[in-house]
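Structural characterization, general
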Amino acid sequence: MILVLVELENGSANEVSLETLALARSLGSDRTEAVVIGDVTDRDALTAELGAHGVDAVHQAVGEAFESFAGAAWAAALQQAQASTGATVVTAAGTPRGGEVLAHLAARLDVPMAANAIGAAGSEPVVVTRQVVGGAALEEMALDRAPAVFTVAGHAWAATPADEPTNPTWHEFTPEIAERDLVARVTATGQKEVDQSDSLKSARVVVGAGRGAGSAAGFGPVSELAEQLGGSLGVSRVVTSLGWRPHHEQVGQTGSRISPEVYIPCGISGAIQHWAGCASSKVILAVNTDAEAPMMTKANYAVVGDMHEVVPAIIAELKRRGSIPTSGG
Ligand code: FAD
């Protein structure tokens, strides 16, 4: 049986938790159960949502301890749910909270924990494939002590509903929480300033540009293509270091990690530090004058050519096909 910590956002399961449920179902266990922590605004709606994603039972931890987030207290709740259900796998989305809670849980249970899984298979041991070095490499890790505890990398799975929806039962429980589990807790929250890289991180299409753009003035066509495709512009570090574009547009180890449906890197060599930020892209179409550039050899599709000619040609072709508006309308 698999237990999934489901994080809530405005009363619903957040998308990465639904992705985690999709991975959990792929393990082929007889049951998938969910733990939610704290208040639930609309139990019927959440039951229906989790049922659509194949959850057989929901365990809601309630009590004063959950009025604000405390990682150790959440882990205590999860540990009690694991003990009562006998789950052999406990997983959560690889969010800051998911990672913190499962690290506490693994320490309490004295079992190993794997972060950022993109796949898992088997039982005793469960073997997870996980991203390391910022997503630039994958490794397999055998979790040889039960329960297997791991987090799931964001956007590694689609948040698709189950083939056969379920009708989950609901179990409310009040875990015993020790004083020490509340020592580190959230005491205040505030509105963060708008992070300009947010739209890049969540974009479905990213058009990238690197040193091959040639100068600050060389970004016109790539910016136009990004805009016309409803996407965002992403750049390499050379571009931000040279002051051609702002840092919030940088993709990579020291920039944003992106996982769009389509990434179109133009004039970007594909250095390991850049790859670390774009390796989760579903499809990569690279444009480069050098057919041997690492980005070209890793891409799904590669166009050997000058980006100053190829990108305008892509825009012209999309306009000709009516896929994007012509300048007249
Ligand atoms: P280059 O490596 O110079 O490549 C330019 C490419 O453009 C070449 O492949 C060339 O063939 C091609 N080209 C040239 N002209 C044209 C043209 N007209 N049309 C088409 N193609 C053309 N980099 C990042 O991007 N993100 C990071 O977060 C990051 N973090 C780093 C952290 C550390 C600690 C370090 C040491 C480095 C980091 N880097 C990062 C830098 C990284 O190592 C590379 O130097 C950088 O990614 C290279 O950028 P580039 O591909 O634009 O330039």
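Everything quoted here is computed from the prediction, not taken from an experiment.

Counting its regular elements, the protein contains 10 helices and 16 strands. Taken along its principal axes, the extent of the C-alpha atoms in the protein is 65 × 40 × 40 Å. When the 329 residues of the protein are sorted by exposure, 47% land in the buried category. Taking as baseline every contact in the protein between residues at least 6 positions apart, the subset at least 24 positions apart corresponds to 65%. Summed over all atoms, the accessible surface of the protein reaches about 15,700 Å², with 48% contributed by carbon and sulfur.

Between helix α6 (residues 220-228) and helix α10 (residues 307-320), the least distance of the axes is 9 Å, while the angle of their chain directions is 30°. Considering their axes alone, α6 and α10 lie roughly parallel with respect to each other. Judged by the twist between their axes, the crossing of α6 over α10 is left-handed. Here Pro-221, Val-222, Glu-224 and Leu-225 of α6 lie close against α10, whose contacting residues are Met-307, Val-311, Pro-312, Ile-314, Ile-315, Leu-318 and Lys-319. Among the residues making up the contact of α6 with α10, the classes are represented as 9 nonpolar, no polar and 2 charged.

Tallied over the full model, the rule gives 10 salt bridges. Taking the shortest distance from any N to any O, the salt bridge between Asp-110 and Arg-145 comes out at 3.4 Å. Of this pair, Asp-110 sits in the loop between α4 (96-109) and β7 (113-121) while Arg-145 sits in the loop between β9 (137-143) and β10 (148-152); the two residues are 35 residues apart in sequence, bridging distant segments of the chain. Residue classification places Asp-110 among the exposed residues on the basis of a relative accessible area of 51%. One connected set of salt bridges, linked through shared partners, spans Glu-317, Arg-320 and Arg-321.

Attention now goes to the pairing of strand β1 (residues 2-5). Side-chain alternation along β1 places Ile-2 and Val-4 on one buried face and Leu-3 and Leu-5 on a second face that is also buried. Here β1 runs beside strand β6 (residues 89-93); their pairing, made up of 4 bridges, is parallel. By the bridge assignment for β6, Ile-2 is matched with Val-89. As judged from the 4 bridges shared by β1 and strand β4 (residues 32-37), these two strands associate in the parallel manner. Across the sheet, the residue bridging to Leu-3 is Glu-33, located in β4.

Turning our eyes to something else, we now look at the packing of helix α3 (residues 71-85) against α4. α4 packs onto α3 with a crossing angle of 60° between their chain directions and a minimal axis gap of 8 Å. With respect to α4, the element α3 is oriented oblique. The two elements α3 and α4 cross, and the hand of that crossing is right-handed. Taking contact as the criterion, the partners of Gly-71, Ala-72, Trp-74, Ala-75, Ala-76, Leu-78, Gln-79 and Gln-82 in α3 are, on α4, Arg-97, Glu-100, Val-101, Leu-102, His-104, Leu-105, Arg-108 and Leu-109. Partitioned by chemical class, the residues of the contact of α3 with α4 number 9 nonpolar, 4 polar and 3 charged.

Attention shifts here to the environment of Thr-85. Following the sequence through the fold, Thr-85 ends up in helix α3. Put simply, Thr-85 and Ile-2 are 83 residues apart on the chain and 9.2 Å apart in space, counted from C-alpha to C-alpha. A polar side-chain atom of Thr-85 sits 3.3 Å from the main-chain carbonyl oxygen of Gln-82. One polar contact links the side chain of Thr-85 to the main-chain amide nitrogen of Ala-87, over a distance of 3.4 Å.

For helix α1 (residues 15-26), with 12 residues, the first-to-last C-alpha span of 17 Å sits near the 16 Å given by 1.5 Å per residue. Looking at α1, one finds that the buried residues are Val-16, Ser-17, Leu-18, Glu-19, Thr-20, Leu-21, Ala-22, Leu-23 and Ala-24. Positive backbone phi, approximately 70°, marks Gly-28, located one or two places after α1.

What the 9 strands build is an open sheet, ordered β9-β8-β7-β10-β6-β1-β4-β5-β11; its pairing is mixed. Two strands bound the open sheet, and with one partner strand each, they are β9 and β11 (169-173). Neighbour-to-neighbour, the strand axes of this sheet turn through a mean angle of 35°, independent of strand direction. Running over the sheet, helix α2 (residues 43-52) touches β4, β5 (57-61) and β11 and is turned about 125° from β11.

Inspection of the region around the ligand gives 26 residues, with Arg-211, Ser-236, Thr-254, Ser-269 and Asn-288 positioned closest. Here a nitrogen atom of the ligand sits 2.7 Å away from a polar atom, N or O, in the side chain of Thr-254. Here the ligand has 990 Å² of accessible area as a free molecule, and 75% of this is covered by the chains. Every element with two or more residues in the shell around the ligand is listed here: α7 (237-241), α8 (272-278) and α10. Residues of the shell around the ligand, tallied by class, amount to 6 nonpolar, 16 polar and 4 charged.

With that out of the way, let us pick up the domain arrangement of the protein. By the assigned domains, the protein splits into domain 1 (2-182) and domain 2 (197-321). The straight-line distance from the C-alpha centre of domain 1 to that of domain 2 is 35 Å. Listed by partner, the interface residues are 7 residues for domain 1 and 9 residues for domain 2. Linking domain 1 to domain 2 there are 0 salt bridges. The interface formed by domain 1 and domain 2 holds 2 residue pairs in polar contact (both at pLDDT 80 or more) in total. Looking at side-chain class alone, the side of domain 1 that touches domain 2 contains 2 nonpolar, 4 polar and 1 charged residues.

Procedures and definitions
Throughout, a residue's number is its position along its own chain's written sequence, starting from 1. Only residues with pLDDT of 70 or above have their local features reported here, since the model is predicted, and side-chain atom pairs are shown and tallied only from 80 upward, although totals for entire chains, interfaces and linings are computed over all residues. Based on all heavy atoms of the structure, the side-chain values leave hydrogens and waters out of the count. Secondary structure elements follow DSSP: runs of H or I no shorter than four residues count as helices, runs of E no shorter than two count as strands, and numbering proceeds from the N terminus. Exposure classes here rest on a 1.4 Å probe applied to the protein chains alone. A residue is buried below 20% of its type maximum, exposed above 50%, and partly exposed in between. Any two residues whose heavy atoms approach within 4.5 Å at even a single point are treated as in contact. Accessibility throughout is a Shrake-Rupley quantity obtained with a 1.4 Å probe, and a residue counts as covered only by protein chains that appear here. Lines fitted to C-alpha atoms define the axes here, with helix axes fitted over just the stretch in contact, and angles between the N-to-C directions of these axes take values from 0 to 180 degrees. Small angles under 35 degrees read as roughly parallel and large ones over 145 as roughly antiparallel, with 65 to 115 read as roughly perpendicular and the rest as oblique. It is the rotation of the near helix from the far one that decides the hand of a crossing: anticlockwise by less than a right angle makes it left-handed, clockwise makes it right-handed. Residues are grouped as follows: nonpolar covers Ala, Val, Leu, Ile, Met, Phe, Trp, Tyr, Cys and Pro; charged covers Asp, Glu, Lys and Arg; every other residue, Gly included, is treated as polar. Here a salt bridge means any side-chain nitrogen of Lys or Arg lying within 4 Å of a carboxyl oxygen belonging to Asp or Glu. By the convention used here, strands pair only if DSSP detects at least 2 bridges between them. The term polar contact refers here to a pair of N or O atoms within 3.5 Å; inside protein, the definition further demands a hydrogen-donor-capable atom paired with an acceptor-capable atom, and it admits residues adjacent in sequence only when both atoms are side-chain atoms. In a helix, the anticipated span is given by 1.5 Å times the number of residues less one. Residues are classed as near a molecule or strand on a simple rule: at least one heavy atom within 4 Å of it. What counts as a domain boundary in this text is fixed by an automatic or database domain assignment.

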